[in-house]
Amino acid sequence: MTKLTLGPYDSHAPIIKYVGVFNYDKLYRDMAGWFGKWGYELRENTHKHKVPLPSGSEQDIKWEGWRKVNEYVRFWIDVHLHVYDLKNVEVVKDGVKRKLWWGRVMVRLDFRIDLDYSDRFKGKMGKIMQDILHKYIWRKQIESGWEDEVYYRMYKLHEVIKESLNMESCYNASERRY
Amino acid sequence: MVERVVVVDKYRVIYEGLFNFFELYKMISYYFEEKGYDKREKKNIESVSENGKYIELLFQPWKKITDYARSVLQLQIIVDDMKDVYVERDGLKVKVNQGKITFVFDAYLETDYENRWEKKPGLFFIRTLFDKYFYKPFTTNLEAEIKLDFDTLVDQIKGFLNLNKYR
């Protein structure tokens, strides 16, 4: 066994949907900024912009951010941002005119964990040793340590997105974790 | 496959009137955190229109009880036509929300959630035998615990909506 990837965890993946006026630039900047702030390398795998229709344009963006935890473990956080019917709108707030966006936003988050990403355990003997590590020595650390850590970090990004969209449910009771 | 015992099935609470959505959300999130449930906010939908906001939330927090059993409390919250209104309280103008909230509760006890006892027919047989004759009192206790968590949550929500009357 060489590199082993745990996830993506579809059943745990949170989805945010928002319809209304929002600041698209801020959303994009906040999300990218979050990855930078927590030391993740960000990779934009997809950035599709479809020809605008009368209803607005469509953008499909897929990101994956990764971060080394140690020489054996690497966290991945995946973001799928899909915006439909995106239009420029002018909003007057507190007497100030501002250019914002109106659209339908869908954000889906997920996470993965790479174990032995540098392929240290090779051959039959390596596989046996790795199995012992994963099943007996590090089992709790993998399930309740690393999995939990990346899971709750993903929810911190979830919070940033809701805040950026100015959603009503902006509170993270598990903020103190990790 | 995970064996699921339904402890609470689609229990509904409907409320129409004044409330503070942010405080309600905070209270529910805090409740799950305090009770040791792992956060799982599967859906968070918000749509802004001229009639007000439509919000739909789906919480599915879960708590590991043993390596074999875990409890899941599912709560769906649907808010229709939510608007911001200002009310006067103690001589001060306070911003609150007005609208209709529907809560739908479900609670489950999930056993063998790691599918360890289904890999071979022999294991499946042993598991069924143990579930039926040896673990019954144990699972009954767990069901009662989940029911208690559910009852406390419902009480807290009802209390929150009744105690915070912005009139």
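This section reports on the structure supplied with the text. Just so you know, these numbers come straight off a predicted model, no measurement behind them.

Between chain A and chain B, the residue contacts involve 30 residues of the former and 28 residues of the latter. Note on chain A versus chain B: buried area summed over both sides is about 2,500 Å², and carbon and sulfur give 43% of it. Here chain A and chain B share 5 salt bridges between them. Counting the contacts that link chain A with chain B gives 17 residue pairs in polar contact (both at pLDDT 80 or more). Mapped onto the side of chain A that touches chain B, the elements with two or more residues apiece are strand E2 (15-22) and helix H3 (139-164) of chain A. For the side of chain A that touches chain B, the leading source of residues is H3(A), giving 9 residues. Here the side of chain A that touches chain B is built from residues that sort into 13 nonpolar, 8 polar and 9 charged. Of the pairings in the sheet, the one linking E2(A) to strand E2 (residues 41-49) of chain B comprises 5 bridges and is parallel in character. Bridge pairing in E2(B) links Ile15(A) to Lys43(B).

Residue and element names in this part refer to chain B. Residues Trp117, Phe125, Ile126, Leu129, Phe130, Tyr133, Phe134, Tyr135 and Phe138 make up a contiguous nonpolar surface patch of about 890 Å² in total accessible area. Take the nonpolar patch: its biggest share by element is 6 residues, from helix H2 (residues 121-134). Following the sequence through the fold, phenylalanine 138 ends up in helix H3 (residues 136-163).

This part covers helix H2 (residues 123-137) of chain A. All names here are of chain A. Under the 1.5 Å per step criterion, the end-to-end length of H2 is 20 Å for 15 residues, consistent within 8% with the ideal 21 Å. Turning to H2, its buried residues number three or more, namely Gly126, Gln130, Asp131, Leu133 and His134. Looking straight down H2, one finds its buried side chains confined to an arc of 160°; they lie on one side. Turned more than 90 degrees away from the buried face of H2 sit Lys124, Met125, Lys135, Tyr136 and Ile137, all of them exposed. For H2, the secondary structure elements touched by its buried residues are strand E1 (4-6), strand E6 (96-115) and H3.

Reading the values: the criteria
Residues numbered from 1 in each chain as written. Chains lettered and ligands numbered in written order. Predicted model: local features only at pLDDT ≥ 70, side-chain atom pairs only at ≥ 80, totals over all residues. Heavy atoms only, no water. Contact = heavy atoms within 4.5 Å. Buried area = accessible area lost by both parts, 1.4 Å probe. Salt bridge = Lys/Arg side-chain N within 4 Å of Asp/Glu carboxyl O. Polar contact = N/O pair within 3.5 Å; in protein donor to acceptor, adjacent residues only side chain to side chain. Helix = DSSP H or I, 4+ residues; strand = E, 2+ residues; numbered from the N terminus. Nonpolar A, V, L, I, M, F, W, Y, C, P; charged D, E, K, R; others polar. Pairing = 2+ DSSP bridges. Patch = residues over 30% accessible without salt bridge, like charges linked within 9 Å, V, L, I, M, F, W, Y side chains within 5 Å. Areas by Shrake-Rupley, 256 points an atom, 1.4 Å probe, with all protein chains shown as cover. Expected span 1.5 Å × (residues − 1). Buried < 20%, exposed > 50% of the residue type's maximum accessible area, 1.4 Å probe, protein only. Arc of directions from axis to C-beta.

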